[in-house]
Amino acid sequence: MKNVPCYEYVIPLRKVLQSFFSLESVLLETLQYIKKLNSQEGYIGNFIQGSFWKSRVSRYGNRVVLPLFLFFDDFETGNVLGSRSGVHKLGAMYVSVPCLPPWQVSVLSNIFLALFIASLYANSTLPRGITQTVVGGFHSSDRVSFGNRVIFQPLIDEFNYLSENGIDLEVPGFKGTIYFELGLILGDNLGIHSLIGFVESFSSNFPCRVCKVKKEVMWSQCREDTSLLRNISNYNADLIASNPSNSGIKEMCVWLDVKGFDLFQQVGCDVMHDVLEGVGKYVVSFVLTELTTKKKYFSLENFNKKLSTFSYGPDAKNKPFQLSREHLMAGNIRLSASEMLTLIRYLPLLVGHEVPREDQVWKLYLSLRQVVEILLSPILLNGTALYLQTLVDELNEIYLEVTKTKLKPKFHNLVHYHSAISKYGPVVHLWSMRFEAKHRLSKMAARASSNRINITLSLAMKQQLALNEIFMKGKLSNVLSTGPKHNDLSLFDKVFLTRELSLDNSKLLQRINWAAMSSVRYDKGCILVYDSKPQGDYDDVIFTVVDKLYLYDSTQLIISGVTLDTIEFDDHLCTFKVKRPHIDNNIAIFYDSLPSQTPHTLNIHSDGNYYVTLRSPL
């Protein structure tokens, strides 16, 4: 037996943020976006518009302060089915800035790694040249061996420095100090519980981190009980009692060392795991089992045929696999979160015409669909939180009634989501989807290397080289990319576009085959919302079929198309029934003027009708 030194390498987060916000126009665009958000009323679309951040930022007076999200998750760099699975399982901590403009906030290069621990041999040294970024990730076993306080103390110190001292910046249009404060801790339920010191078993007596509900009560609880909510007083009492089976608290949260941190106000939620990999799977598996086995409206074989031949439009990359009866009966659909979202989204067009409108089991699905649309909406009207509370209550009640079973822990998590929306804004901005996509870069690098000695350092350097390349360029990559450009515009197109959009004839106007804005691709034939009234009826939504795309002044995207007549919104199918007018109504609009930039899906059903399925709620 001999001691093996373990080294933790920390590169200050302050240097990353200083380099990032020194890039061309990044800080000014961010401040302009924050100013725009603060001037908006009637709806909420960002974390800084929530009640929590408004109360927190008031402490800083006139100083400029930006929030930071901290995400934690474990991922496997080796073969998950191999003999050494778990040996090279790493823990990654990412930091993001939630108030970046929408076209930058989801870019993976703008999500930074935050901490790295590496178990090294005594004669190992850290190579030189690792600068201007934060290394992130550590062996999961090291966190268990050393404890949260030892692992995370350097990051805690960094957050305290950023909130007290900030970073000094001098860029065109701004000279001064920017302060940062930890906004939320994010992750899946297991990751968050391990990070903040709660029990990591969700079959324990008190499995919820938000309230002190007993698991026997949780089995039938449909609505949040405010009298059971956790607070700092009962938390301290539970710590003194030191009995996890009676409190659900395993150890003191180390993040309380971050100045001003509130454990019960600064821990987020995750729609991806709670709904798409939780409640959604339970509900859809039960619905399909009932409709195919007991009520026999259709067979599972025919459903799988439809599943494989259905046109998913822009969601084709997340096409669901065929389902097995064994998995459905067990309530565990073997689909990824993205594939599960696609199945929930298009299930009405797949089987809705074969299900009676008054079917109680189908009402369970429709209730789930309403909840999912709110939880995945990037912008919400004021008052939506109270509406969501009613919908979750209804969903849980219907599930108890038709399934005759107990509610699972993830159903209980939903009863707290209305509070999360009021405090943090749309919860879709808090989910794990983009952070887990960041894992892919390290997984690919690990597979490319056959050496697992000090794999954490290898992956760290890979990430740092990519980020340093951006810093050396001095600006972020363009969010707009296009296909081949053509100058052969017809006279009719030039006159039409100039008249509709008041274009300057001295500026270059080119036709393009396709365009991609922040990785969202637009081609001829895609469906977009041309006009809508947020507080109006669904029948007021006007869709357009894209016919041509243009690039104006080398920076602005113009979309030209033909509008569709909206007949009605079908509640049973959760889709818009549309038709093409007898006389084409040609339109042209700047991309930035669209009420929704998400491409939607147009399907022709066997009954001959056209249906549009929204991929993003209006």
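A brief look at the structure comes next. (Residues numbered from 1 in each chain as written. Predicted model: local features only at pLDDT ≥ 70, side-chain atom pairs only at ≥ 80, totals over all residues. Heavy atoms only, no water.)

## Topic: helix α15 (residues 360–375)
The periodicity of an α-helix, 3.6 residues per turn, causes residues three or four places apart in sequence to face the same way. Taking 1.5 Å per residue as the helical rise, α15 with its 16 residues ought to reach 22 Å, and the 23 Å between its terminal C-alpha atoms agrees with that figure. Within α15, twelve of the 16 residues are buried, which leaves it mostly tucked inside the rest of the structure. Within α15, burial applies to Val361, Trp362, Leu364, Tyr365, Leu366, Ser367, Leu368, Arg369, Val371, Val372, Ile374 and Leu375. Between a side-chain oxygen at the N-terminus of α15 and the backbone nitrogen of Val361 the separation is 2.9 Å; the capping residue is Asp359. (Helix = DSSP H or I, 4+ residues; strand = E, 2+ residues; numbered from the N terminus. Expected span 1.5 Å × (residues − 1). Buried < 20%, exposed > 50% of the residue type's maximum accessible area, 1.4 Å probe, protein only. Polar contact = N/O pair within 3.5 Å; in protein donor to acceptor, adjacent residues only side chain to side chain.)

## Quick word on the side chain of Arg345
Relative to the helices and strands, Arg345 is located in helix α14 (residues 337–351). Using a relative accessible area of 11% as the deciding quantity, one classes Arg345 as buried. One polar contact links Arg345 to Asp315, side chain to side chain, over a distance of 2.9 Å. Discounting chain neighbours no more than four positions away, the residues touching Arg345 are Asp315, Arg369, Thr613, Leu614 and Arg615. (Contact = heavy atoms within 4.5 Å.)

## Observations concerning the nonpolar core
Core analysis: the biggest nonpolar cluster contains 147 residues, and Phe21, Trp255 and Phe303 have the highest contact counts within it. In terms of residue count, helix α11 (residues 271–294) provides more of this core than any other element does, eleven residues in total. For Phe21, the residues in contact, after removing those within four places along its chain, are Val26, Leu27, Thr30, Leu66, Val97, Leu100, Leu169, Val171 and Phe180. Leu480, Ile512, Leu528 and Leu557 belong to the second-largest nonpolar core, a separate cluster that totals 16 residues. (Core = buried A, V, L, I, M, F, W, Y, C linked by side-chain atoms within 4.5 Å.)

## A word on the pairing of strand β21 (residues 596–604)
In this structure, strand β16 (residues 527–531) lies alongside β21, joined through two bridges in antiparallel fashion. Opposite Ile527, over in β21, you have His600 as the bridge partner. Summarising the sheet, β21 and strand β22 (residues 610–613) pair through four bridges and their orientation is antiparallel. Following the sheet pairing, Asn603 is matched in β22 by Tyr611. (Pairing = 2+ DSSP bridges.)

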